[in-house]
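# Fold and contact review
Chain by chain, the residues run as shown.
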Amino acid sequence: NPTVRDRLSVCCVDVTGEHGVDTVVRGCPNNPAVVRYAETLIHELVSTWPAMDMLNLDHLEYTHWCQKGLNELFVCFCGWCRQKAEGNGIDFEQVQREVASAYDALVAGGHSDSHIPAQVSTNEALSYLVERPQLAVWLNFRMSSMSEFIRRVTEAGRDAARKQKPELQIGI
């Protein structure tokens, strides 16, 4: 049974520095322990379930339903993400500052210098993003991190299937 400390070590960290630990642990896709766990889980599931002919991988994404607060959407800023981002030439500090500014503006309900009104048109949303290019860098980093995680998990399933059930279909 994992301890709180064990769960904290794999959790996404939001822009406020909070770890997403509640009844569900939302692991960071850049954390090697999370990747190993997911690869092992899928590999063993495929290897030990002889009748399986289809595997559907669902909910492989960063948090997108807030349980406790909006901050849960603004992840991940853990050490593993920092290491990967900086290895890809991303100024992690600058990205984090810009994401924090957007988060603060949303939480303030439009009463900040960044002013985000309650009703936002598509043009206003696009302008907001264009004026804050580090938000796009962050979103792209999140997307590429999750894509790599999905690729690795899917490959673990395909590897297990090659020996016993090459007809196994894997869907996302």
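The structure contained in this document is the topic of the report that follows. (Residues numbered from 1 in each chain as written. Predicted model: local features only at pLDDT ≥ 70, side-chain atom pairs only at ≥ 80, totals over all residues. Heavy atoms only, no water.)

## Some thoughts on the state of the cysteines
Inspection of every chain in the model, using the stated rule, returns zero disulfides. Of all cysteine sulfurs, the one in cysteine 76 lies closest to cysteine 12, which takes part in no disulfide; the gap is 4.1 Å. A relative accessible area of 5% means that cysteine 12 is categorised as buried. Sulfur of cysteine 78: no disulfide; nearest cysteine sulfur belongs to cysteine 76 and is 3.6 Å away. Residue classification places cysteine 78 among the buried positions, given a relative accessible area of 9%. (Disulfide = S-S within 2.5 Å. Buried < 20%, exposed > 50% of the residue type's maximum accessible area, 1.4 Å probe, protein only.)

## Overview of unusual backbone geometry
Looking along the chain, the bond that leaves valine 75 and enters cysteine 76 is cis, with omega of 10 degrees. Mapped onto the elements, cysteine 76 comes out in the loop between β1 (54-56) and α3 (79-87). With a phi angle near 60 degrees, histidine 59 is a residue other than glycine that sits in the positive phi range. Note that histidine 59 resides in the loop between β1 and α3. (Helix = DSSP H or I, 4+ residues; strand = E, 2+ residues; numbered from the N terminus.)

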